[in-house]
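Structural overview for review
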Amino acid sequence: MTVYIKNHAFHYETENLVRLFFPNEKIEMISDVPEELSDPYIYTEFVDNNDKYEINISLTIGEYKDSVAKTFAKAENDDPELLMAMLLYDMLVRSTGIEQPWGLLTGVRPVKLFRRLTAEGGFDYAAAKFRDKFMVSEEKLALTIETEKNERKIIEMSVDKSFSLYISVPFCPSRCSYCSFVSASVEKTSHLIEPYVKLLCAELEETAVYAKKLGLRLESVYMGGGTPTTLSAEQMKRVLTAVKESFDLSQCREFTVEAGRPDTITAEKLKAIADCGVDRISINPQTLNDDVLKRIGRRHTADQAVEAFALAREYGFDHINTDLIVGLPNDTIESFKSTIDRICELDPESITVHTLSMKRASTLTQDGKSLDAQEAIEAAKMLSYTSQKLHSCSYAPYYLYRQSRMVGNLENTGWSKPGKEGIYNVFIMDETHTILACGAGGVSKLKNNKKDCLERIFNFKYPYEYIDRFDEISERKKRIGTFYDEYN
């Protein structure tokens, strides 16, 4: 698909909007418009003409042709990019017969956008803009409103010197077929784990020095990956002890370890985690369909996931989150309903429901799997059932985000029982306050609340880089201190 751009700089939004409707096609953006246009194509033209805007859009896909030309008074319209997006969206709906549940929104944080619009013009203004300008469906608007209300309560916990801590353990038992994260298979990198743990503890200690010197208040800790429970119980204890002994946890509201893969969870590891004061863990089967588990490269069964959940209860964990994915290969609507029903019987305190994102670096995509219109319809039905079921079981949505190339252009939503929200998830997605990250692939995000801006410090992505170039990471981390000196 060729997209021609004439007299405007709305390249990014135009390309993303077209990609929603043609997710498997290569999109070529051309500003130097030739006399002869190549089929299939979309032509977009913008003219700033004194007191009015003129927008012309045409589309040709084989025998199908469509065009629109409209004029808008400047005095009544201050966002010409949105005007073009609205016209283009309507044309793409007509040409494909597909209505996007999130309308023309392509950003990852619709709830944050809704909150900003509410601050600008009030609730009714924000709701009307979502519905009438962004073409968001009533179902997704209602989800946004409910999520924003619950999310706001968590954001208001944060103060000026608040921060959260992220700890990366980028190792997994094996690579899932849908995964594009920088994580290393233990089978190939087991020799790196011990030196990695040693340096990770050192980085935690160094980072804590900055936090203490600056008087920062630790709100939440999240240990993720990868699969942190690929570490041995002894290694896990060392890392968690480094956190416990280095940081002031007196005001920490939540300490999460992502146990992740049920086949990595043992009694010894759960005891080590519990003994170090962790109060929230996540057990992530993704599905309770054994056939689907095999298809995505998981090496555990549904029964093992249920057993891991029961074992965690035995060790006193009263806040367990469970991750699921909508739209996995070989899954069906009935199969997914069964998964949700069984998970609700386990009664976890929170459930995070992701929609499959077809990342280009994933095995699924590299093996030729593409986004499919029928699968999108089925995924939407799965999410609708999820909402009905979880609401009926006293769960409510508390955070939400979106990714590129999601099946059905849908969303990921965190659901929880009252008072059992995963607050780190909200802080990181809203960019509420500073996140100090330790470990390979970690990205520290330094937040200046006065200017509402972020500055990032990147750690090296791969474990071998992290080990070999650790001194460079320590040097980069010095920026934490100077950033807050400038902030103050």
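Below you will find a few notes about this structure. Bear in mind the structure is a predicted one, so any value in this text is a computation, not a measurement.

To continue, consider the packing of aromatic side chains. Evaluation of the coordinates by the stated rule reveals 18 aromatic pairs. Ring centres of F114 and F123 lie 5.9 Å apart, and the angle between their planes is 70 degrees; on these two criteria the pair is classed as edge-to-face. Residue classification places F114 among the buried residues on the basis of a relative accessible area of 1%. Residue F123 is classed as partly exposed on the basis of its relative accessible area, which comes to 42%.

Right, let's get into the nonpolar core. By size, the foremost hydrophobic cluster in this structure holds 58 residues, and its most contacted members are L165 and L204. Ranked by residue count, the leading element in this core is helix 6 (residues 186-214), at 11 residues. Not counting chain neighbours up to four residues away, the residues in contact with L204 comprise L165, I167, V239, A242, V243, S246, F247 and C438. If you look at the next biggest cluster of nonpolar residues, it comprises 44 residues, including F10, V18, Y53 and A126.

On the surface, E205, E206, E245 and D471 cluster together to form a negatively charged patch. Within the secondary structure layout, E205 lies in helix 6.

Below, the discussion takes up helix 14 (residues 423-430). An α-helix turns once per 3.6 residues; consequently, residues spaced three or four apart project the same way. Among the 8 residues of helix 14, 8 are classified as buried, and the element is accordingly described as predominantly covered. Within helix 14 the residues assigned to the buried category are I423, Y424, N425, V426, F427, I428, M429 and D430. At the C-terminal side of helix 14, E431 shows a positive phi close to 60 degrees.

Moving on to the state of the cysteines. Going through the model one piece at a time under the given rule, you end up with 0 disulfides. C393 provides the cysteine sulfur closest to C344, a residue in no disulfide bond, and the two sulfurs are 4.0 Å apart.

Between helix 4 (residues 123-133) and helix 5 (residues 138-155), the shortest axis-to-axis distance is 10 Å and the interhelical angle comes to 145 degrees. Once helix 4 is placed against helix 5, the crossing between them reads as right-handed. For the pair helix 4 and helix 5, contact is made by F123, A127, F130 and R131 and by E138, L141, T144 and I145, respectively. The class makeup of the residues in the contact of helix 4 with helix 5 is 5 nonpolar, 1 polar and 2 charged.

This paragraph deals with the environment of D132. Mapped onto the elements, D132 comes out in helix 4. The class of D132 is partly exposed, set by a relative accessible area of 47%. Sequence separation between D132 and M86 is 46 residues, and the spatial gap between their C-alpha atoms is 9.6 Å.

This part takes up the pattern of salt bridges. For the structure shown, the criterion picks out 29 salt bridges. E120 is the partner of R116 in a salt bridge, and the nearest nitrogen-oxygen pair spans 2.7 Å. Pair noted here: R116 and E120 are both in helix 3 (residues 110-121), with a separation of 4 residues, about one helical turn. Taking the shortest distance from any N to any O, the salt bridge between D341 and K389 comes out at 3.7 Å. Of this pair, D341 sits in helix 11 (residues 333-346) while K389 sits in helix 13 (residues 373-392), placing them 48 residues apart in sequence.

The next thing to look at is helix 3. Between the first and last C-alpha of helix 3 there are 16 Å, a value that for 12 residues agrees with the 16 Å anticipated at 1.5 Å per step. Listing the buried residues of helix 3 in full gives P110, V111, L113, F114, R115 and L117. Considering only its buried residues, helix 3 is in contact with helix 4, helix 5, strand 14 (396-401) and helix 14. Downstream of helix 3 by one or two residues, G122 has phi in the positive range, about 95 degrees.

This part takes up the sheet that holds strand 1 (residues 2-6). An order of 2-1-3-4-5 is seen for the 5 strands of this open sheet, with the pairing classed as mixed. Unpaired on one side and paired on the other, strand 2 (28-30) and strand 5 (64-73) mark the two borders of the sheet. Averaged over neighbouring strand pairs, the angle between their axes works out to 10 degrees when direction is ignored. With 9 bridges joining them, strand 3 (residues 41-49) and strand 4 (residues 52-61) adopt antiparallel strand pairing.

Within a regular strand, the side chains alternate between the two sheet faces. Where strand 3 hands over to strand 4, the hairpin turn is made up of 2 residues, of which N50 adopts a positive phi near 55 degrees. Between the antiparallel neighbours strand 4 and strand 5 lie 2 residues, among them G62 with a positive phi of about 60 degrees.

Turning our eyes to something else, we now look at unusual backbone geometry. Of note, the bond from D39 into P40 is cis; its omega dihedral lies within 30 degrees of zero at 0 degrees. Within the secondary structure, P40 is located in the loop between strand 2 and strand 3. Cis rather than trans, the peptide bond between G225 and G226 has omega equal to 15 degrees. The residue G226 is located in the loop between strand 9 (217-225) and helix 7 (233-246) in this model. Although it is not a glycine, N409 adopts a positive phi angle of roughly 55 degrees. Relative to the assigned elements, N409 resides in the loop between strand 14 and strand 15 (412-416). According to the relative accessible area criterion, N409 is buried, its value standing at 9%. Look at E431: it is not a glycine, yet its phi comes out positive at around 60 degrees. Mapping E431 onto the fold places it in the loop between helix 14 and strand 16 (434-438). We classify E431 as buried; its relative accessible area is 13%.

Thresholds, definitions, all that
- Residues numbered from 1 in each chain as written.
- Predicted model: local features only at pLDDT ≥ 70, side-chain atom pairs only at ≥ 80, totals over all residues.
- Heavy atoms only, no water.
- Phe/Tyr/Trp six-rings, centres within 6.5 Å; stacked < 30°, edge-to-face > 60°.
- Buried < 20%, exposed > 50% of the residue type's maximum accessible area, 1.4 Å probe, protein only.
- Core = buried A, V, L, I, M, F, W, Y, C linked by side-chain atoms within 4.5 Å.
- Helix = DSSP H or I, 4+ residues; strand = E, 2+ residues; numbered from the N terminus.
- Contact = heavy atoms within 4.5 Å.
- Patch = residues over 30% accessible without salt bridge, like charges linked within 9 Å, V, L, I, M, F, W, Y side chains within 5 Å.
- Areas by Shrake-Rupley, 256 points an atom, 1.4 Å probe, with all protein chains shown as cover.
- Salt bridge = Lys/Arg side-chain N within 4 Å of Asp/Glu carboxyl O.
- Lys, Arg positive; Asp, Glu negative; His and termini not counted.
- Charge placed at Lys NZ, Arg CZ, Asp CG, Glu CD.
- Disulfide = S-S within 2.5 Å.
- Axes fitted to C-alpha atoms, helices over the stretch in contact; angles between N-to-C directions.
- Left-handed = near helix turned anticlockwise from the far one by under 90°.
- Nonpolar A, V, L, I, M, F, W, Y, C, P; charged D, E, K, R; others polar.
- Expected span 1.5 Å × (residues − 1).
- Pairing = 2+ DSSP bridges.

In short, geometric facts, not functional conclusions.
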